[in-house]
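If you want the building blocks of each chain, they are given just below.
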Amino acid sequence: MKPFDLIHFSTQRRSIPMVPRCQQTVRILVVVACLLSITARASADDYAVIVGADGYSNLRPLEYSGKDAVALRERMIESGFPEKNVYCLFDKAKQNRHRPFREMIKQHVELIASNAEEDDLLFVWFSGHGVHMAGKSYLCGVDSRLDNPQSMIEVDWVFEQLRKSQARRKILIVDACRNEVEPPGRRSGMSVRSSEILRTLDSPPQGLLVITSTSLGQYAVEDENLGHGVFAHFVLEALSGKGDRTGDGRLTWRELFDYSARKTRDYVARTHLTAQRPKVSRAEELSDEDFVITTSGRASTTQTFRPNTSRSVAEDTSVIPIPELEQMAFNATQTIQPPMIKSRTLAN
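Residues numbered from 1 in each chain as written. Predicted model: local features only at pLDDT ≥ 70, side-chain atom pairs only at ≥ 80, totals over all residues. Heavy atoms only, no water.

**A short note on the nonpolar core**
Then comes step 1: Ranked by internal contacts, the top residues of the largest apolar core, which has 40 residues, are L139, L172 and L201.
Then comes step 2: It is helix α5 (residues 155-164) that provides the largest number of residues to this core, a total of five residues.
Then comes step 3: Excluding its chain neighbours within four sequence positions, the residues that come into contact with L172 are V124, V158, F159, L162, L201, L208, L209, V210 and I211.
Then comes step 4: By size, the runner-up hydrophobic cluster in this structure holds 36 residues, among which are L209, F234, V235 and Y267. (Core = buried A, V, L, I, M, F, W, Y, C linked by side-chain atoms within 4.5 Å. Buried < 20%, exposed > 50% of the residue type's maximum accessible area, 1.4 Å probe, protein only. Helix = DSSP H or I, 4+ residues; strand = E, 2+ residues; numbered from the N terminus. Contact = heavy atoms within 4.5 Å.)

In structure tokens:
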């Protein structure tokens with residue numbers, strides 16, 4: 001009996017149609033690749049630093065930045081971020097190391113940037129005052145002074161820390177420009193322009209995605225009825241699941257931005273009769289990529305990058321449920337034909 005007959009006999013006993021050996025090999029490789037991808041993502045980690053600065057001692061106080069930060073921390077943990085990796089700095093924290101002083105903000109940004117590995121997600125949120133003066137842009141801790149640039153945090157320094165991080169997915173969200181920076185009746189004598197910081201944030205370094213709560217020349221509105229900054233309120237809604245347009249239980253950064261930007265723009269125009277248009281800026285290499293931030297009950301560790309295409313959201317089939325992977329792999333192999341002898345002859 002020939003070897004081929006043995007193989008044929010074995011497959012007939014199992015009532016399984018014969019599959020050419022090259023197709024079997026491709027099928028096995030596809031399934032193994034899928035499983036390796038899932039395993040690798042399951043070992044990934046996510047980090048977040050969330051800063052909400054209200055009680056400025058030398059600048060105009062804000063109302064809801066701290067409340068925004070606390071609510072965002074809770075929502076990120078609910079969405080699956082490891083609680084040990086979510087650092088929240090706000091005015092009413094019990095310990096000084098959890099309050100938004102300049103040095104504490106810098107230490108926490110350095111910490112997560114250095115700890116994150118390639119498959120991890122870095123999420124940095126800053127809500128508070130930002131200023132631009134003497135050609136540089138700064139974020140302000142609660143102890144910052146306009147007459148002392150060393151008491152503030154240079155945006156370029158934040159960019160550099162995130163750029164050096166090994167993480168491939170890095171997001172910086174800045175909800176600043178909420179109000180005039182200087183307290184009533186006080187002027188520093190310096191040229192201080194809060195909205196000019198947006199020009200710096202518009203040019204992020206390699207690998208970084210930046211979202212700002214407003215555009216150049218506008219203020220970010222705080223709203224008493226919402227009890228939050230308007231943009232922060234709709235970011236929280238998006239993270240709760242309302243921003244998930246595809247209904248796949250996964251929120252990508254595009255979905256987060258699209259939902260919160262549209263809702264913010266419409267709400268501020270309707271209730272405050274002014275303009276607030278959130279903006280997204282990203283490095284060139286990220287222009288065609290979308291990635292998951294959170295999933296229902298889990299962090300983003302089960303999803304890799306989703307390509308950006310011209311298809312509508314309803315047509316987006318790039319997120320595939322895991323149980324269907326093997327079947328899809330098998331189906332894919334059915335379209336692969338073994339090499340034809342005629343083609344090889346022509347190549348000669």
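**What about helix α7 (residues 230-242)?**
Then comes step 1: In this model α7 runs just 16 Å from its N-terminal to its C-terminal C-alpha over 13 residues, more than 12% under the 18 Å that 1.5 Å per residue would give.
Then comes step 2: Across the 13 residues of α7, 10 count as buried, placing the element largely inside the fold.
Then comes step 3: Of all the residues in α7, the buried ones are V230, F231, A232, H233, F234, V235, L236, E237, A238 and L239. (Expected span 1.5 Å × (residues − 1).)

**Here we look at the side chain of D223**
Then comes step 1: By the element assignment, D223 lies in strand β9 (residues 222-223).
Then comes step 2: Although D223 lies buried, it forms no salt bridge, and the closest oppositely charged side chain, R270, sits 9.0 Å away as judged by the N-O distance.
Then comes step 3: Engagement of the side chain of D223 in a polar contact is seen with the backbone nitrogen of N225, the distance being 3.0 Å.
Then comes step 4: Looking at D223, its side chain comes within polar contact range of the main-chain nitrogen of L226, at 2.9 Å.
Then comes step 5: Setting aside its immediate chain neighbours within four residues, D223 contacts Y64, H228, V230, Y267, T271 and H272. (Lys, Arg positive; Asp, Glu negative; His and termini not counted. Salt bridge = Lys/Arg side-chain N within 4 Å of Asp/Glu carboxyl O. Polar contact = N/O pair within 3.5 Å; in protein donor to acceptor, adjacent residues only side chain to side chain.)

**What about the environment of S127?**
Then comes step 1: The residue S127 is located in strand β3 (residues 121-127) in this model.
Then comes step 2: Its relative accessible area of 0% is what places S127 among the buried residues.
Then comes step 3: As for S127 and A69, which are separated by 58 residues in sequence, their C-alpha atoms are 7.5 Å apart.
Then comes step 4: Within the structure, S127 has its side chain in polar contact with the side chain of S65 (distance 3.1 Å).

**Examining the pairing of strand β2 (residues 86-90)**
Then comes step 1: Here five bridges tie strand β1 (residues 46-52) to β2, and the two strands are oriented parallel to one another. Of the residues in β2, the one forming a bridge with I50 is C88.
Then comes step 2: A crossover connection joins β1 to the parallel β2 through helix α3 (residues 65-78); in handedness this β-α-β unit is right-handed. (Pairing = 2+ DSSP bridges. Right-handed = clockwise from strand over helix to strand, strands pointing away.)

**What about the packing of α3 against α7?**
Then comes step 1: Contact geometry of α3 with α7 gives a least axis separation of 10 Å together with a crossing angle of 10 degrees. With respect to α7, the axis of α3 lies roughly parallel. Where α3 abuts α7, its residues D68, A71, L72, R75 and M76 lie against A232, V235, L236, E237, L239 and S240. (Axes fitted to C-alpha atoms, helices over the stretch in contact; angles between N-to-C directions. Parallel < 35°, antiparallel > 145°, perpendicular 65-115°, else oblique.)

**A few points about the sheet that holds strand β4 (residues 130-133)**
Then comes step 1: If you walk across this open sheet you meet the three strands as β4-β5-β6, and the pairing is antiparallel. If you trace the sheet from one side to the other, it starts and ends with β4 and β6 (153-154), each paired once.
Then comes step 2: Both strand β5 (residues 136-139) and β6 contribute to a ladder of two bridges, which runs antiparallel. Among the inter-strand pairings, Y138 is bridged to a residue of β6, identified as E154.

**Remarks on the packing of aromatic side chains**
Then comes step 1: If you walk through the whole model with that rule in mind, you get two aromatic pairs.
Then comes step 2: Aromatic pair W125 and F231: ring centres 6.1 Å apart, planes at 5 degrees, arrangement stacked. Of the two residues, W125 sits in strand β3 while F231 sits in helix α7, which places them 106 residues apart along the sequence. Note on accessibility: W125 and F231 belong to one class, buried.
Then comes step 3: The interplanar angle of 65 degrees and the centroid separation of 5.9 Å between the aromatic rings of F234 and Y267 together place this pair among those described as edge-to-face. Placement of the pair is F234 in helix α7 and Y267 in helix α8 (residues 253-272), with a sequence separation of 33 residues.
Then comes step 4: For F234, a relative accessible area of 6% translates into the label buried.
Then comes step 5: Judged by relative accessible area, which is 12%, Y267 ranks as buried.
Then comes step 6: One cation-aromatic arrangement involves K106 over W157; the distance from NZ or CZ to the ring centre is 4.6 Å. (Phe/Tyr/Trp six-rings, centres within 6.5 Å; stacked < 30°, edge-to-face > 60°. Lys NZ or Arg CZ within 6 Å of the ring centre and 35° of its normal.)

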